[in-house]
Amino acid sequence: PWIKPAQRLFKDEDLPAGEAKRQLYELSRKLLLDAGYLEIGMDHFAKPTDSLGRAQANKTLHRNFMGYTELRTDLLLGLGVSSISETPYSFHQNEKSLEPHKQDQQSFQGYRKRIESGEIPTLRGHVHSSEDLVKREQILNLMTQLAAKWENSAEFESAKIFLREMESDGLVKVEADGLKVTEEGKAFLRNACVFFDRRLRHHQPQTRIFSQSI
C-alpha cells in the first residue's frame, strides 16, 4: 500500500499488530497442523502426500521468487509486467508499468513499447558477486532445510553474537558445524536468514520492505 495507493483503503488501526498479530498466526498454524498439514519453510503449509511435502522429506525443496517449489532449477524466466527472472549468476525485473510513465522525475518507456521494439524489457537487475553466490546458497539452505553450514570459523563466531537472543529464546541453534532453526523458530525463519544477508545488514533499507516478520 505504500507503493500502490489504491490498496490504501484501510487505516493502520484497522489491522492487527504486535501480540494480536502473533495470536492470529498461531491460531491459523494450529488449525492447519491439526488438519494434517506440515509447515513448509516460510508461510507455506502442505500435506505430507503433496509434492511440497514429499520434497521437504526428500530434501529437494527449493525456493525462488515465486515461493517454494518441489524441484530446483537454475533458470527462471519471468514473462509480463514487473516479473522477475533469475539465472545462476544474476536476476532482473521487467518494467513495472505497461505504458510509458514518469516517476520521481524519471521517464520510463513502459513494458509494451520495449517489447514492440524487440527489446528485453529490463527495469533493473543485479549480477551476483562470488560472495553473493555463497550467501544465496546459505540462505536457500536455511529456507528449505532449516539448516546451513558456516562459510568459515569467523562466521561462526559472528553468529554467536548476532543470533544470541534468538538462541537464548530457543529459536535457533548456533553450532560449530552450522546454524539450525528449531521447531519453535520456524515462524522466525526470516529473522535467522538476516544473519547471512550481509547486504541488508550493512546497508539497512531507507524505505519499507514488502515482507516483514511477525
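Above: the structure in question.
Rules used in this analysis
- Residues numbered from 1 in each chain as written.
- Predicted model: local features only at pLDDT ≥ 70, side-chain atom pairs only at ≥ 80, totals over all residues.
- Heavy atoms only, no water.
- Phe/Tyr/Trp six-rings, centres within 6.5 Å; stacked < 30°, edge-to-face > 60°.
- Buried < 20%, exposed > 50% of the residue type's maximum accessible area, 1.4 Å probe, protein only.
- Lys NZ or Arg CZ within 6 Å of the ring centre and 35° of its normal.
- Helix = DSSP H or I, 4+ residues; strand = E, 2+ residues; numbered from the N terminus.
- Contact = heavy atoms within 4.5 Å.
- Pairing = 2+ DSSP bridges.

*Asks:* Where do I start with the packing of aromatic side chains in this structure?
*Replies:* We describe a pair of aromatic rings using the distance from one ring centre to the other and the angle between the two ring planes. A full pass over the atoms with the stated rule returns six aromatic pairs. Each ring, one from Phe195 and one from Phe196, has its centre 5.2 Å from the other, and the planes form 70°; the classification is edge-to-face. There is no split in this pair, since Phe195 and Phe196 are both buried. Through successive ring pairs, a cluster of aromatic residues spans Trp150, Phe156, Phe162, Phe195 and Phe196. Positioned over the ring face of Tyr37 is Lys47, at 4.9 Å from the centre of the ring. Its end group placed over the ring of Phe156, Lys160 keeps NZ or CZ at 4.8 Å from the ring centre.

*Asks:* Would you explain the side chain of Ser85 in this entry?
*Replies:* Inspection of the secondary structure puts Ser85 in strand E5 (residues 84-87). Assessed through its relative accessible area of 9%, Ser85 is described here as buried. Non-local contacts of Ser85, meaning those with residues more than four positions away in its chain, are made with Leu76, Leu77, Gly78, Ser90, Phe91 and His92.

*Asks:* Teacher, can you tell me more about the pairing of strand E11 (residues 172-175) here?
*Replies:* Burial along E11 is one-sided: Val172 and Val174 are buried, while Lys173 and Glu175, pointing the other way, are not. Sheet topology places E11 next to strand E12 (residues 178-181); four bridges connect them, and they run antiparallel. Paired with Val172 across the strands is Val181, a residue of E12. The hairpin turn running from E11 into E12, its antiparallel successor, is two residues long.

*Asks:* What am I meant to see in the sheet that holds E11 here?
*Replies:* In space, the three strands of this open sheet follow the order E10-E12-E11, with antiparallel pairing throughout. This sheet does not close on itself; its edge strands, each paired only once, are strand E10 (147-148) and E11.

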